[in-house]
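Structure at a glance
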Amino acid sequence: MRDQLKVWESDFGVAYTDRNQADWRARVPVFQEILAGLPIASALEIGCNRGHNLVALTEVLGPEADVVGIEPNQYARETARASSAKIGVLRGHAYDLPFRDNRFDLTFTAGVLIHIPLADLPVALREIHRVSRRYILAVEYFAEEETVIPYHGHAQLLWKRDFPAHYRALWPDLKILRTGYLENVADFDRQHWWLLEK
């Protein structure tokens, strides 16, 4: 667990932040489609990096929404904070979220669960589920079987999985409310998404 976090807190995470730039405006219609009509007044992104998803969400949810991100890399946190005064960005990681139970209407990850080793995944999912009052969104790479993908010189840093199956193995009563696929849409890189409801 700590070895993975050290990678993301290091210069490797800085390079990732510099490499992964997206136009938040292009992501607004994506989140509008995913969250259309849902009563969401607060949202937490786990692993927010530059904050482009958070800024897009402030446009989708409105100026009164409480939109917060957690990020382990200092450079990424500073970049996210500089991107908008409308979002809050705190130091943290998926294994120990500094929030009370049911704190946010929506908790979500985008390209984060893919970087968590299988042995540590339940810890992260339990924290994400714990702080969600109602909705959980995962925007991640999908594979029916656990598939390791070499990633920028690392052999154990990216996995494709059936993420909703992992969630529902822990909480069988979770409902898959909506799902979709983003093929090079708004700088999402061929990712599936699943919106779950508690």
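Refer to the structure above for everything that follows.
Here goes a summary of the coordinates provided. (Residues numbered from 1 in each chain as written. Predicted model: local features only at pLDDT ≥ 70, side-chain atom pairs only at ≥ 80, totals over all residues. Heavy atoms only, no water.)

**Focus: the sheet that holds strand β5 (residues 132-140)**
If you walk across this open sheet you meet the 7 strands as β3-β2-β1-β4-β5-β9-β8, and the pairing is mixed. Either end of the sheet is taken by a strand with one partner, and the two such strands are β3 (88-91) and β8 (175-182). With strand direction ignored, the average angle separating the axes of adjacent strands in the sheet is 20 degrees. Against the sheet, helix α5 (residues 74-83) makes contact with β2 (66-71) and β3, and its axis sits at roughly 170 degrees relative to β3, the strand it touches most. (Pairing = 2+ DSSP bridges. Helix = DSSP H or I, 4+ residues; strand = E, 2+ residues; numbered from the N terminus. Axes fitted to C-alpha atoms, helices over the stretch in contact; angles between N-to-C directions. Contact = heavy atoms within 4.5 Å.)

**Examining the side chain of Thr109**
The topology assignment puts Thr109 in strand β4 (residues 104-110). Engagement of the side chain of Thr109 in a polar contact is seen with the side chain of Glu140, the distance being 2.7 Å. Not counting residues within four places of it along the chain, the set of residues in contact with Thr109 comprises Ile46, Ile128, Leu137, Ala138, Val139 and Glu140. (Polar contact = N/O pair within 3.5 Å; in protein donor to acceptor, adjacent residues only side chain to side chain.)

**Overview of the pairing of strand β9 (residues 191-197)**
Taking burial as the measure, the 7 residues of β9 include 6 buried ones, the bulk of the element. When β5 meets β9, the two strands line up antiparallel, connected through 6 bridges. Residue pairing across strands places Ile136 opposite Leu196, the latter belonging to β9. (Buried < 20%, exposed > 50% of the residue type's maximum accessible area, 1.4 Å probe, protein only.)

**Re the pairing of β4**
Burial within β4 is extensive, with 7 of its 7 residues counted as buried. As paired strands, strand β1 (residues 42-46) and β4 are joined by 3 bridges and run parallel to one another. Counted as the bridge partner of Glu45 is Phe108 from β4. In the sheet, β4 pairs with β5 via 6 bridges, with the strands oriented parallel. Of the residues in β5, the one forming a bridge with Thr109 is Ala138. Crossover handedness for the path β4 to helix α6 (residues 121-131) to β5: right-handed. (Right-handed = clockwise from strand over helix to strand, strands pointing away.)

**Some points on the environment of Gln21**
Secondary-structure assignment places Gln21 in the loop between α2 (11-19) and α3 (24-35). Dropping the residues within four chain positions of it, Gln21 is found in contact with Arg50 and Asp187.

**Some remarks on the environment of Ala22**
Mapped onto the elements of the fold, Ala22 is located in the loop between α2 and α3. Each C-alpha atom of the pair Ala22 and Ala85 lies 18 Å from the other, and the pair is 63 residues apart in sequence. Here Ala22 is in contact with Arg27, His52 and Asp187, once residues within four sequence places are set aside.

**Describing α6**
Inspection of α6 places Leu121, Ala124, Leu125, Glu127, Ile128, His129 and Val131 among the buried residues, and these make up the whole buried set. Looking at the packing, one finds that the buried side of α6 touches β1, β4, β5 and α7 (163-170).

**Considering the pattern of salt bridges**
Scanning the entire structure with this criterion turns up 10 salt bridges. In this structure, Lys86 and Glu59 form a salt bridge, with 3.4 Å as the shortest nitrogen-oxygen distance. You can see Lys86 sitting in the loop between α5 and β3 and its partner Glu59 sitting in helix α4 (residues 52-61), a full 27 residues away along the chain. Between Glu197 and Lys175 there is a salt bridge whose closest N-O contact spans 3.6 Å. In this pair, Glu197 sits in strand β9 while Lys175 sits in strand β8, placing the two residues 22 residues apart along the sequence. Three or more residues joined by partner-sharing salt bridges are found here, namely Asp101, Glu127 and Arg130. (Salt bridge = Lys/Arg side-chain N within 4 Å of Asp/Glu carboxyl O.)

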